[in-house]
Amino acid sequence: MNAAYLTPAITLFNEDGTLDLVSQERLFNNLIDQGVDGILVEGSSSEFFAMPMDQRREMAKFAIETVDHRVKLIIGTSHMVADEIVSFSNFCLDAGADAVMILPPYYFHFDAAALLQYYDRLAQQIHGNIYIYNFPDNTGYTIPPETVLALAKIHPNIVGMKDTVAGMDHTRELIKVVKSHIPQFEIYSGFDDNFAHNVLSGGDGCIGALSNVVPEVCAAWVRAFRENDLAGIAKGQQIIDRLMDLYTVRSPFLPVIKEACRLRGIAATSVGTFPMPSATVEDDARILELLNREGIQ
């Protein structure tokens, strides 16, 4: 049974807005040491949308060199300018990334025909593996499963998809529509609590942000699946269900994930990109309450 947990890694900054590469290396090494199956950098949890391209290239290069093929490494190369996506994607792939992940264009809503044309053009020009990223809460619309299947049939380098939707309805349809024709196509859920449902439905697992904070819990959940340990699977589900409360401490949730990593000794600060709010003393109390409840120090 396929079961993998990948981490959409947060980006750690110094107070002056430069990359905190010391903390970033500590984060990457902790994720790998604790047993996650892969790392996505410059996904939504990374604040890529507020980072200049030179900083994004610096982060990508650092991640490639630091992860050094110890686990799968995917670089998010989303941008509103298609030529920037192509250039950045090929830069990452040439430097050693395993794949890139790309959102559809946002701001305006695009229909299935436009999305087919969009990813078709990108896949022709990007010389490496591509994951499609569906995040309707942030883009405003959903990529239809039939469009994903059509693209995967045309382009062998479109190898998978991250489906960030709160329920499993769309992800289940993706699994049924796409994997029935292309079994090796990888389909990951974007919310941690959908991991088990995804795998049981025939998907490949999860790319969930809680694994920044509790990679050991997520890796143990994966092991339970691989060992057919029903009690362990149920335990993992229940722990993650309770830890999902971290997402509700404040909105956006990114300062909370960063602050939780700081409280666990991984990050030096929880500084984010402007105008991302900072975590508060009240946030700290809630974070510690949630972690302590699970015996996590």
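About the cut-offs
Residues numbered from 1 in each chain as written. Predicted model: local features only at pLDDT ≥ 70, side-chain atom pairs only at ≥ 80, totals over all residues. Heavy atoms only, no water. Patch = residues over 30% accessible without salt bridge, like charges linked within 9 Å, V, L, I, M, F, W, Y side chains within 5 Å. Areas by Shrake-Rupley, 256 points an atom, 1.4 Å probe, with all protein chains shown as cover. Salt bridge = Lys/Arg side-chain N within 4 Å of Asp/Glu carboxyl O. Helix = DSSP H or I, 4+ residues; strand = E, 2+ residues; numbered from the N terminus. Buried < 20%, exposed > 50% of the residue type's maximum accessible area, 1.4 Å probe, protein only. Expected span 1.5 Å × (residues − 1). Contact = heavy atoms within 4.5 Å. Pairing = 2+ DSSP bridges. Right-handed = clockwise from strand over helix to strand, strands pointing away.

## Some words on a nonpolar patch on the surface
Nonpolar side chains collect at one region of the surface, where M80, V81, Y107, F108 and F110 lie side by side and expose about 570 Å² of accessible area between them. Along the chain, F108 turns up in the loop between strand 4 (99–102) and helix 4 (112–125).

## Let's talk about the pattern of salt bridges
For the structure shown, the criterion picks out 18 salt bridges. D284 is the partner of R262 in a salt bridge, and the nearest nitrogen-oxygen pair spans 3.5 Å. Of this pair, R262 sits in helix 12 (residues 254–263) while D284 sits in helix 13 (residues 281–293), placing them 22 residues apart in sequence. A relative accessible area of 17% means that D284 is categorised as buried. A single network of salt bridges, built from pairs that share partners, joins R242, D245, R286, E289, R293 and E294.

## Overview of helix 1 (residues 21–34)
Under the 1.5 Å per step criterion, the end-to-end length of helix 1 is 20 Å for 14 residues, consistent within 8% with the ideal 20 Å. Buried residues of helix 1: S23, Q24, L27, F28, N30, L31 and I32, and no others. At its buried positions, helix 1 is contacted by strand 1 (4–8), strand 2 (38–41), helix 2 (53–67), helix 9 (210–213) and helix 10 (215–226).

## Quick word on the pairing of strand 1
As a general feature of sheets, a regular strand has side chains that alternate between the two faces. Among the five residues that make up strand 1, five are buried, leaving the element largely enclosed by the rest of the structure. Neither face of strand 1 is exposed, since A4, L6 and P8 on one face and Y5 and T7 on the opposite face are all buried. In this structure, strand 1 lies alongside strand 8 (residues 205–207), joined through three bridges in parallel fashion. For A4, the partnering residue across the bridge sits in strand 8 and is G205. One crossover worth recording links strand 1 to the parallel strand 2 by way of helix 1, and it is right-handed.

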